[in-house]
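# Geometric and topological summary
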Amino acid sequence: MLDRWQFANFRNRDVAKPGIKQFLTEIFSWWSGNTWGTRLWVKRFGSYVGSDEFGNRYYQDKKANRRYVTYNGPADASAVPPGWRGWLHHTHDVVPTDSTYVARDWQKPHVANQTGTANAYRPDGSLLNKGERPRVSGDYEAWSPE
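Since the model is a prediction, treat every value here as computed from it, not as a measurement.

### Re the pattern of salt bridges
- As enumerated under the stated definition, the model contains one salt bridge in all.
- Across the salt bridge formed by D93 and R67, the nearest N and O atoms sit 2.9 Å from each other. Here D93 is found in the segment after α3 (82-88), whereas its partner R67 is found in strand β3 (residues 67-70), with 26 residues between them in sequence.
- D93 sits in the exposed class, given a relative accessible area of 59%.
- Since its relative accessible area comes to 13%, R67 is described here as buried.

And the structure:
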């Protein structure tokens, strides 16, 4: 049987490994997920509407006409699919999980933000792409005093 000191040390180690750092991160940082303030706000004022295939959860304010998302993981606005983005921005009132929702022809499936990766867009003339920038009619000409 464990005496109370062994039990206390076991509990402290048990909490410290995954818990203390994560607990402090959830209190003070917004970029790594939901903070405690966000969780309390959602619990008090929000009503759950649905979630997407990435695990993001969507809420609507109970009194005001506000809509918001809690991300599953780091806060990245590009991780919101097109249907949910339209709902968040009040473009349409039909929730994408509703059976009456129909995606538009021009709405493409979600692709993660490629900035900083090898798949990032690099136009001709870019420092990271070969080739020369094509000339356009409004190209800049340097001023000379003569």
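Moving on from the coordinates now.
### Quick notes on the packing of aromatic side chains
- According to the stated counting rule, one finds five aromatic pairs in the structure shown.
- An angle of 5° between the planes, with centres 4.0 Å apart, marks the rings of Y58 and W84 as stacked. Remark: W84 occurs in helix α3 and Y58 occurs in strand β2 (residues 57-61); sequence separation between them is 26 residues. Each member of the pair Y58 and W84 is classed as buried.
- Judged by centre distance (6.2 Å) and plane angle (25°), the ring pair of Y59 and Y68 falls under stacked.
- Owing to a relative accessible area of 9%, Y59 belongs among the buried residues under this scheme.
- With relative accessibility at 14%, the residue Y68 sits in the buried group.
- Aromatic ring contacts, followed pair by pair, group Y48, Y59 and Y68 into a single cluster.

### A few points about the nonpolar core
- With seven residues, the main nonpolar core is built from Y58, V69, V80, W84, W87, L88 and V95.
- With three residues, the top contributor of residues to this core is α3.

### Notes on the confidence of the model for the chain
- The predicted model of the chain has a mean per-residue pLDDT of 78, with 82% of residues at 70 or higher.
- When the criterion is pLDDT under 50, residues 4-16 qualifies, and its contacts beyond four places in sequence or with other chains add up to three contacts.

### Topic: a nonpolar patch on the surface
- Residues I20, F23, L24, I27, F28 and W36 make up a contiguous nonpolar surface patch of about 590 Å² in total accessible area.
- If one sorts the elements of the nonpolar patch by residue count, helix α1 (residues 4-28) sits on top with five residues.
- With respect to the helices, strands and loops of the structure, F28 is situated in helix α1.
- Residue classification places F28 among the exposed residues on the basis of a relative accessible area of 65%.

### A closer look at the sheet that holds β3
- Across the sheet, which stays open at both edges, the three strands sit in the order β1-β2-β3 with antiparallel pairing between neighbours. Two strands lie at the open edges of the sheet, namely β1 (46-51) and β3, each paired on one side alone. Looking at each pair of strands side by side, their axes are set apart by 30° on average, direction ignored.

### Quick notes on the environment of E26
- For E26, the position within the fold is in helix α1.
- Owing to a relative accessible area of 15%, E26 belongs among the buried residues under this scheme.
- Through-space distance from the C-alpha of E26 to that of W36 is 6.2 Å; in sequence the pair is ten residues apart.
- Setting aside its immediate chain neighbours within four residues, E26 contacts N34, T35, W36 and R39.

What counts and what doesn't
- Residues numbered from 1 in each chain as written.
- Predicted model: local features only at pLDDT ≥ 70, side-chain atom pairs only at ≥ 80, totals over all residues.
- Heavy atoms only, no water.
- Salt bridge = Lys/Arg side-chain N within 4 Å of Asp/Glu carboxyl O.
- Helix = DSSP H or I, 4+ residues; strand = E, 2+ residues; numbered from the N terminus.
- Buried < 20%, exposed > 50% of the residue type's maximum accessible area, 1.4 Å probe, protein only.
- Phe/Tyr/Trp six-rings, centres within 6.5 Å; stacked < 30°, edge-to-face > 60°.
- Core = buried A, V, L, I, M, F, W, Y, C linked by side-chain atoms within 4.5 Å.
- pLDDT = per-residue confidence, 0-100.
- Contact = heavy atoms within 4.5 Å.
- Patch = residues over 30% accessible without salt bridge, like charges linked within 9 Å, V, L, I, M, F, W, Y side chains within 5 Å.
- Areas by Shrake-Rupley, 256 points an atom, 1.4 Å probe, with all protein chains shown as cover.
- Pairing = 2+ DSSP bridges.
- Axes fitted to C-alpha atoms, helices over the stretch in contact; angles between N-to-C directions.

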